[in-house]
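# Summary of the model geometry
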Amino acid sequence: MSKFLITSALPYVNGVKHLGNLAGSLLPADIHARFRRQTGDEVLFLCGTDEHGTPAELAAQAAGLPVAAYCARQHAVQADIYRRFGLSFDHFSRTSGEANRRLTQEIFLALDAAGFIEERTLRQAYSPTDGRFLPDRYIIGTCPHCGSANARGDQCEACTRLLDPGDLLSPRSAISGATDIEFRETRHLFLRLSALEPRVREWLASRRGWPPLVQSIAGKWLQEGLRDRCITRDLDWGVPVPKPGFEDKVFYVWFDAPIGYIAAAIECRADWRDWWQADDVRYVQFLAKDNVPFHAISFPATILGSGLPFKLVDVIKGFNWLTFEGGKFSTSSGHGLFTDSALDWCPADTWRWWLAINAPEGSDSDFTVERFVDGVNKDLADVFGNLVNRCLSFAATRFDSTVPQPGEPGPIERKLAADLAAHLGRLRERHEALALRKAAEEVRAIWKLANAYLSEAAPWAAIAHDRARAATVVHTGINLVRIAALAAWPFIPFAAETVLGCLGESIAWPDPAAAIPAGRRFRVPPLLFPRISAACRPPA
Ligand SMILES: [Zn+2]
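Throughout what follows, the structure given in this document is the object of discussion.

Angles between donor atoms at a metal ideally measure 109.5 degrees for a four-coordinate tetrahedral arrangement and either 90 or 180 degrees for a six-coordinate octahedral one. Summarising the metal site, the zinc ion is bound by the protein donors Cys143 (SG), Cys146 (SG), Cys156 (SG) and Cys159 (SG), whose distances to it range over 2.3 Å. Considering all four donor atoms around the zinc ion, the spread of angles at the metal, 105 to 114°, places the coordination shape in the tetrahedral class. On the primary sequence, the residues serving as donors to the zinc ion are separated as C-x2-C-x9-C-x2-C. Taken together, the positions of Cys146 in the loop between β6 (139-142) and β7 (151-152) and Cys156 in the loop between β7 and β8 (169-173) put the pair 10 residues apart, joining distant regions of the chain. Note on Cys146: relative accessible area 38%, which makes it partly exposed.

Right under this line is the structure:
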């Protein structure tokens, strides 16, 4: 047994997230956590809402609530949606909690004592039209690297480079569109990433098994040379800076957010040090490609510089984008499908399945209602649902809802056993390699193998003249249903648990040798996946 620490990127607190957030971090992390638990590994799976920063302040203002109350409400809304999606976090935390506040300040003080914090006078964007300093995200302009016209002051989404607002060409206010941006002087604290660069470089070189997408983004960043980053902001809502002269400032949300991964463990586990300060733990992060620089560079640099003995990530599994009918999902423009309305339309398992087998791994994936409806009907209704239903219904009718005593396996069963063992071996390899799509494809291949066996062995024909042979096939078929459900469990846990419950089985890695004993009573589950139609989609 090994220990796996698994985190998903923390969804930002303002508003319900769209399917892209689910596809690019939350769901893959959950599937991997379930796989590891299934094989008997010890898992700590952590996530939470990222709650600091200007967007939360502005959203609270718009909702007419104090920001703390707004965040508490939105955290509860998101936690409920993720529970309904079957996301099996051991803890779903909040970065505005006391543990994160204390730990962020401790890490900062350690960095300061080690000489990696520098005080600088900064010229900061100020808009006379808006009457305020503009936080980075509220300045928009042209990216000096790729020329994208809508780069934000903190990052260009088009080329993923991190930016400072002063880098932007033709800057304007995102609040009012005003172009009369002035830069006024104010004092801030910088993390000396330039001084930490050799250590980050050496650490990155020691990592193994990272997907090419993540390697190339991190590599590009290092190639450009690390620039010192301002880690303080002129805001009220955030972790206060514990340094004389900076009482009116808070830490930049990107400084405290990843520390929230550690704080989440402190909140839920007395033995959190056995996870975050131990050598025998493998740490895997799941996140979308825009989050790679912070997780591959800034956060490791923060921990390395602090000298505190916290675990650094072993593998970052990064994802490309899920697009929505050819365009980008956008919360602000309402383009796409949101996680709450998705659940109003179809059960969680249907989304989990489609988003896993179409995961944006090697490249972006496009969601369309037609592709979703088609994929769900083909894979879940016609293949998995059909397998379970025709096998168990027949067995219930002809063998009195009791697993029959099998006879000797024939050549078809021997070939089946060899094929099944090969599929299960590959399934495990693909999970271990974090190859989500391929793992889902292997699960589907097992379902198809089971259906093909039943069609070939045809117990409904055998029963007329050879009841013993039919009993062998039905016994084999019921065990195939068990294996099909166990293999599917990380992907479609609700349906898998329904099937396994009907068979009196519990969750484990599928072992063909551990057959259900003859004589056990079973039930036939209700129709697992009624066919869906695009016409039933509720208005967005
Ligand atoms: Zn750019």
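Picking up after the structure, the text goes on.
What follows deals with the sheet that holds strand β16 (residues 327-328). As summarised here, the arrangement of the three strands in space is β16-β15-β17, forming an open sheet in which the pairing is mixed. With one partner strand each, in any of the chains shown, β16 and β17 (365-367) form the two edges of the open sheet. In the sheet, strand β15 (residues 322-324) pairs with β17 via three bridges, with the strands oriented parallel. When the sheet's bridge partners are listed, Thr323 is paired in β17 with Asp366.

Quick look at the sheet that holds strand β2 (residues 42-49) now. The parallel open sheet is built from five strands, whose spatial order is β3-β2-β1-β13-β14. Each end of this open sheet is capped by a strand with a single partner; those strands are β3 (91-94) and β14 (315-319). Across the sheet, the mean angle separating the axes of adjacent strands is 20° when strand polarity is ignored. Pairing of β2 with β3 involves four bridges; the strand directions are parallel. Bridged to Cys47 within β3 is Phe92. Together, β2 and β3 form the strand contacts of helix α3 (residues 67-84), whose direction differs from that of β3 by roughly 160°.

Next up on the list: the packing of helix α12 (residues 348-357) against helix α18 (residues 493-503). Interaxial distance between α12 and α18 falls to 7 Å at its minimum, and their mutual angle equals 115°. Across the interface between the two elements, Ala348, Asp349 and Arg352 of α12 pack against Pro493, Phe494 and Ala495 of α18. Taken together, the residues that form the contact of α12 with α18 break down as four nonpolar, no polar and two charged.

Not every positive phi belongs to a glycine, and Ser170 is a case in point at roughly 50°. Positionally, Ser170 belongs in strand β8. The backbone phi angle of Glu325 is positive, close to 45°, even though this residue is not glycine. A relative accessible area of 38% means that Glu325 is categorised as partly exposed.

Turning our attention to the pairing of β6. As defined by bridge partners, β6 adjoins β8 across three bridges and the pair is classed as antiparallel. Considered in β8, the bridge of Thr142 is made with Leu169. Looking at chain direction, β6 and β7 are connected through two bridges and run antiparallel. Each bridged residue has a counterpart across the sheet, and for Gly141 the counterpart in β7 is Ala151.

For Gly477, the location among the structural elements is in helix α17 (residues 467-488). For Gly477, a relative accessible area of 0% translates into the label buried. A C-alpha to C-alpha distance of 12 Å links Gly477 and Pro409, two positions 68 residues apart in sequence. Leave out the neighbours within four places in its chain, and Gly477 touches Cys391, Tyr453 and Leu454.

By secondary structure assignment, the location of His423 is in helix α14 (residues 411-432). Excluding anything up to four places from it in sequence, His423 contacts Glu442, Ala445, Ile446 and Leu449.

Attention shifts here to the environment of Arg94. Take Arg94: it is sitting in strand β3. For Arg94, a relative accessible area of 26% translates into the label partly exposed. As for Arg94 and Cys71, which are separated by 23 residues in sequence, their C-alpha atoms are 9.0 Å apart. Among all residues touching Arg94, those that are not within four sequence positions of it are Thr49, Glu51, Ala68, Cys71, Ala72, His75 and Glu267. A polar contact of 2.8 Å, which involves the side chain of Arg94, links it to the side chain of Glu51.

Tallied over the entire structure, the rule returns five cavities of 30 Å³ or more. Taken together, 13 residues line the largest cavity, and the ones lying closest to its centre are Arg229, Ile231, Trp254, Phe255 and Ser298. Among the elements of the structure, β10 (229-230), α7 (253-256) and α10 (292-306) are those that each provide at least two residues to the lining of the largest cavity. Element by element, the count of residues in the lining of the largest cavity is highest for α10, at four residues. Taken together, the residues of the lining of the largest cavity sort by class into 10 nonpolar, two polar and one charged. Roughly 70 Å³ of volume is contained in the second largest cavity. Every residue lining the second largest cavity is listed: Pro28, His32, Phe286, Lys317, Phe319, Arg430, His431, Leu434, Ala435 and Leu436. Looking at the lining of the second largest cavity, its residues break down into six nonpolar, two polar and two charged.

Rules and cut-offs
Residues numbered from 1 in each chain as written. Predicted model: local features only at pLDDT ≥ 70, side-chain atom pairs only at ≥ 80, totals over all residues. Heavy atoms only, no water. Donors = N, O, S within 2.8 Å, 3.2 Å for Na, K, Ca; no water. Tetrahedral: all angles 85-135°; square planar, octahedral: opposite > 155°, others 65-115°. Helix = DSSP H or I, 4+ residues; strand = E, 2+ residues; numbered from the N terminus. Buried < 20%, exposed > 50% of the residue type's maximum accessible area, 1.4 Å probe, protein only. Pairing = 2+ DSSP bridges. Axes fitted to C-alpha atoms, helices over the stretch in contact; angles between N-to-C directions. Contact = heavy atoms within 4.5 Å. Nonpolar A, V, L, I, M, F, W, Y, C, P; charged D, E, K, R; others polar. Polar contact = N/O pair within 3.5 Å; in protein donor to acceptor, adjacent residues only side chain to side chain. 1 Å grid on protein atoms, 1.4 Å probe; cavity = no way out; pocket = protein on both sides within 12 Å on 5 of 7 lines; lining within 4 Å. Points joined across faces, edges and corners; volume = space filled by probe spheres on them.

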